[in-house]
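Residue-level listing of the chains:
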Amino acid sequence: MNRSPVSLQREGDIGLLLIDNPPVNALSPDTVQGLIDALAAFEAAPELRALVLACEGRTFVAGGDIAAFEDPDFSAVPYNAFLGRLEALTRPVVAAIHGTALGGGLELAMACHWRLALRGTRVGLPEVKLGLIPGSLGTQRLPRLAGAEKALQMMSTGRMVGDQEALAAGILDELCDGDLRAAALARARALVAQDWQPRRASALQVPTAGLAPDFFDQAVALAEAQFHYPALGAIARAVRAAATAPSFAEGEAAEAREFMGVLRTPQSQAMRHLFFAERQTGKIPGLPKDLPLRSIERVGVVGAGTMGGGIAMALANAGLPVVLVEATSVALERGMGLIRKNYEATVAKGKLAADVAEKRIALITPSLSYDDLAQVDLVIEAVFEDMALKKEIAAKLGAVVKPGAIIATNTSTLDVDQIAQASGRPADMLGMHFFSPANVMRLLEVVRGARTDPAVLATVMKLAPRIGKVAVVSGVCYGFIGNRMAEVYMREAEFLLMEGATPAQVDGAVQALGLAMGPCRMLDMAGIDVGAKTVIELGKTGGLPADPSYRALVQALYARGQYGQKTGAGYYRYEGRTPLPNPDTLALAEALAREHGIARREDISDNEIVERLIYSMVNEGARILEEGIAYRGSDIDVVWTAGYGFPDHAGGPMCLADLRGLAHVVQRLEHYAQVRGNAHGYWRVSPLLRQRAAEGRTLSLGAR
Ligand code: NAD
């Protein structure tokens, strides 16, 4: 039998309950059972006069067992009953807290009678990030200790609070330096010596002095208005119950109801799915676990434009020294100037200390010579999107960087294998596709070339979290995972506009789903010119369908010099940054429809817009899986939520399709094939999607 992760030891006449469940002392079923057993042992040892509860390793209990929520029989009852018995002890119970006490960990600490924390400790109830609410009396004890406003704020954002803030709020009783366990034992002895009567959070009233009479109803109404996140309403209602229910037990029952209510919501399922999905992306099938990685301590970036500058900042933010190479001193100065301006803006907003910003800028060494890249461990090329230029630079880099160094290209559309070939060192090469602004956006698509050395791939995947990125592996294809799917999404958006929908209607329909920005606003912001050029370039390589109406609108806008926000007109016209209806564009869409024989309709519903945009994208995602471009459906969901503003509460496009049912998606694709015609194969259903639908399986959700 395995050793229990919980033990009860004796320190003279004080019991020491120790949790040892690495890495973060999460509340596994074994740990909960261990706690129950240790408490029973303490109850049976009346000679012990107080209990200290502490954790081994780097942190106090930092959360629950998230996988357990997927079990249809999941129940919080055993743990909650344990917390009740712990709090009910008549001998003092001291929590000795270090690291991060999160979720079930903070709920454990709040059931103790005294909370002593090592300086630097942070505490929080982050359940909302999984679409859940604290389910082990956090919604009941926290408002009693910290007040309703603070508790609501902490639970609705999931934010961790630091030691001083937690002390001031009454969540912690005392801070210490040095030997936490010794201090906790000393505190327990002192409490015993004073004959101190345990102070139970459950016996307190939620302080309501100073709150408006309708405070709780207002809080509930505000939270419920954010209907995409049902956990917010549930948290507010549970806190209202903490303040207004006649007894703690009734508040407890209210919390339990609310918890079970959110546990099975699609939103929470989706957010939990993403939690696991993000932890999964680094697992690359077929790669040996013990693959020796290359060390990355110095990095080069070629090109100090929009992307190169952002990439250099992302690296410097992680403490990595960067050599930033440009072709001309003018471009180099402009690039460095922009980097400086960017940091200064962050300092001005109070988000970064000035000296830290200076240190980061100092990590970036501007240069006009490729020779300065000789000693870097990784170089990322971010010059213009031009194959001839990229090949020329790859060859230069292949010759100049030391053996064993990794060479990456930030191309968004070009064939990484061709560029790798040009470097003369294809095994050292891959794509690192950052998203703009590269110092902000979390997504990094790592493009695995046909000849990329597995160690190179694994090294870059390991680097990603160091520079604040979530990395997803993509195979080589046009647009990789994200932009390839975005292309079909834009295709349908444009057809809908030509059929008679307005940009505001198309954007509104997907924004109502929770997407940050609809396709028309997005392209107006990114630049119609940028979008049109990629379509035109794709056409030159023979990559477009033989359909003259394919994305005809974006090309026509480009031809008219309507580049979106930057020229004041695109799909919309702009006053400042405010998009307004653009009658010229509506007329243009109508003229194009006439030219291409596209029937105009007045009956385009929001549902049709959503289905055509999202389901065609899901279909493309299934093809991406079929072709092995992505390893798993959940990787595709991470691409869309981390890189394209797809809402976390929908879990990504593949998860959305799984939740709506793949059979339904197939049926709708077939419907559009019929009503729209399928001459160009736009509605050809992916065989994988069809097969999964027939088998009642998913593409992403739970497909771990
Ligand atoms: P950009 O025009 O802002 O910057 C390109 C920079 O490369 C310029 O500063 C130019 O002076 C420099 N350059 C050109 N030739 C050079 C050479 N021989 N040596 C050194 N520097 C040279 O372009 P960008 O938007 O930063 O795009 C760069 C790359 O990133 C492209 O491949 C693009 O497809 C890709 N990308 C762009 C975005 C985006 O949103 N802008 C997103 C992802 C990927």
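The structure presented is a predicted model; accordingly, all values stated were derived computationally and were not measured. (Residues numbered from 1 in each chain as written. Predicted model: local features only at pLDDT ≥ 70, side-chain atom pairs only at ≥ 80, totals over all residues.)

**A few points about the overall build of the protein chain**
- Across its full length, the protein chain holds 28 helices and 18 strands.
- Since a compact globule built from 704 residues should have a radius of gyration of about 27 Å, the 29 Å found for the protein chain is in line with a globular shape.
- Overall, the C-alpha framework of the protein chain stretches about 90 × 60 × 50 Å when taken along its three principal axes.
- Sorting the 704 residues of the protein chain into buried and exposed places 50% on the buried side.
- Of the contacts formed within the protein chain by residues at least 6 apart in sequence, a portion of 73% connects residues at least 24 apart. (Helix = DSSP H or I, 4+ residues; strand = E, 2+ residues; numbered from the N terminus. Rg over C-alpha atoms; globule rule 2.2 N^0.38 Å. Buried ≥ 20, exposed ≤ 12 C-beta atoms within 10 Å, placed from the backbone. Contact = placed C-beta atoms within 7 Å.)

**Some details on the pairing of strand 9 (residues 299-302)**
- Burial along strand 9 is two-sided: the residues Val299 and Val301 and Gly300 and Val302 are all buried.
- The sheet contact formed by strand 9 and strand 12 (residues 378-381) spans 4 bridges and is parallel. The residue bridging Gly300 from the neighbouring strand is Val379, located in strand 12.
- For strand 9 and strand 10 (residues 322-325), the ladder comprises 4 bridges, and the chain directions are parallel. Its bridge partner being in strand 10, Gly300 is matched across the sheet by Val323. (Pairing = 2+ DSSP bridges.)

**Section: the confidence of the model for the protein chain**
- Residues at a pLDDT of 70 or more form 99% of the protein chain, whose mean pLDDT is 96.
- Taken over the whole predicted complex, pTM reads 0.93, whereas the ipTM for its chain interfaces reads 0.98. (pLDDT = per-residue confidence, 0-100.)

**Section: the site of the ligand**
- Close to the ligand lie 25 residues; Gly303, Gly305, Met307, Glu385 and Ser436 are nearest.
- Of all elements in the fold, only helix 12 (306-317), helix 13 (329-348), helix 15 (387-400) and strand 14 (429-434) reach the threshold of two or more residues within the shell around the ligand.
- The element best represented in the shell around the ligand is helix 12, accounting for 3 residues.
- Residue composition of the shell around the ligand, grouped by class: 13 nonpolar, 10 polar and 2 charged. (Near = placed C-beta within 6 Å. Nonpolar A, V, L, I, M, F, W, Y, C, P; charged D, E, K, R; others polar.)

**Topic: the sheet that holds strand 3 (residues 50-55)**
- With respect to topology, 6 strands assemble into an open sheet ordered 1-2-3-4-6-8, the strand pairing being mixed. Pairing within the sheet leaves two strands with one partner each, and these edge strands are strand 1 (6-11) and strand 8 (174-176). Strand-to-strand twist of the sheet, defined as the mean angle between neighbouring strand axes without regard to direction, takes the value 25 degrees. (Axes fitted to C-alpha atoms, helices over the stretch in contact; angles between N-to-C directions.)

**Quick notes on the domain arrangement of the protein chain**
- Domain boundaries assigned for the protein chain yield domain 1 (6-264), domain 2 (299-474) and domain 3 (488-695).
- Placing the centre of domain 1 and that of domain 2 at their C-alpha centroids yields a distance of 44 Å. (Domains from an automatic or database assignment.)

**Quick notes on the UniProt feature "domain: 3-hydroxyacyl-CoA dehydrogenase C-terminal" (unreviewed entry) in the protein chain**
- Under the present numbering, the feature "domain: 3-hydroxyacyl-CoA dehydrogenase C-terminal" (unreviewed entry) in UniProt falls on residues 479-574 and 609-697.
- Each end of residues 479-574 is marked by a C-alpha atom, and these two atoms are 29 Å apart; helix forms 60% of the span and strand 2%.
- Within the segment residues 609-697, helix and strand shares are 69% and 0% respectively, and the terminal C-alpha atoms sit 26 Å apart. (UniProt positions renumbered as here; feature names shortened; annotations may be inferred.)

**Description of helix 20 (residues 519-526)**
- Buried residues dominate helix 20, accounting for 6 of its 8 residues.
- Residues of helix 20 that are buried include every one of Pro519, Cys520, Arg521, Met522, Leu523 and Asp524, and no others.
- Of the surrounding elements, those touching the buried residues of helix 20 are helix 18 (482-499), helix 19 (503-513), helix 21 (528-540), helix 22 (552-559) and strand 18 (578-580).
- Taken from the residues just after helix 20, Gly527 is the one with a positive phi, measuring 110 degrees.

**Observations concerning the UniProt feature "domain: 3-hydroxyacyl-CoA dehydrogenase NAD binding" (unreviewed entry) in the protein chain**
- Cross-referencing UniProt, the feature "domain: 3-hydroxyacyl-CoA dehydrogenase NAD binding" (unreviewed entry) maps to residues 299-474 in the present numbering.
- Taken end to end, residues 299-474 has its terminal C-alpha atoms 22 Å apart, with 43% of it in helix and 20% in strand.

**Re the nonpolar core**
- Counting 222 residues, the largest nonpolar core has Val52, Val94, Ile235, Val379 and Val446 as its most contacted members.
- Excluding residues that lie within four positions of it along the chain, Val379 makes contacts with Val299, Gly300, Val302, Leu373, Leu397, Val401, Ala405, Ile407 and Ala408. (Core = buried A, V, L, I, M, F, W, Y, C linked by C-beta atoms within 7 Å.)

**Examining the pairing of strand 4 (residues 93-97)**
- A large share of strand 4 lies buried, amounting to 5 of its 5 residues.
- Where strand 3 meets strand 4, 3 bridges bridge the pair, whose relative direction is parallel. Directly across from Val52, in strand 4, lies its bridge partner Val94.
- Read as a crossover between parallel neighbours, the route from strand 3 over helix 2 (residues 77-88) to strand 4 is right-handed.
- Pairing of strand 4 with strand 6 (residues 114-118), which is carried by 4 bridges, proceeds in the parallel orientation. Bridging from a neighbouring strand, Ile97 pairs with Ala117 of strand 6. (Right-handed = clockwise from strand over helix to strand, strands pointing away.)

**Here we look at the environment of Asp603**
- Its place among the elements puts Asp603 in the loop between helix 23 (583-595) and helix 24 (606-626).
- By the C-beta count within 10 Å, which is 7 here, Asp603 ends up exposed.
- In sequence terms Asp603 and Ile380 are 223 residues apart; their C-alpha atoms lie 49 Å from each other.

**What about the packing of helix 24 against helix 28 (residues 687-695)?**
- Close contact between helix 24 and helix 28 brings their axes to 7 Å; oriented N to C, the two are set at 100 degrees. As judged from the angle between their axes, helix 24 and helix 28 are roughly perpendicular. Contacts between helix 24 and helix 28 involve Asn619, Ala622, Leu625 and Glu626 from the former and Pro687, Leu688 and Leu689 from the latter.
- Looking at the contact of helix 24 with helix 28 residue by residue, the classes come out as 5 nonpolar, 1 polar and 1 charged. (Parallel < 35°, antiparallel > 145°, perpendicular 65-115°, else oblique.)

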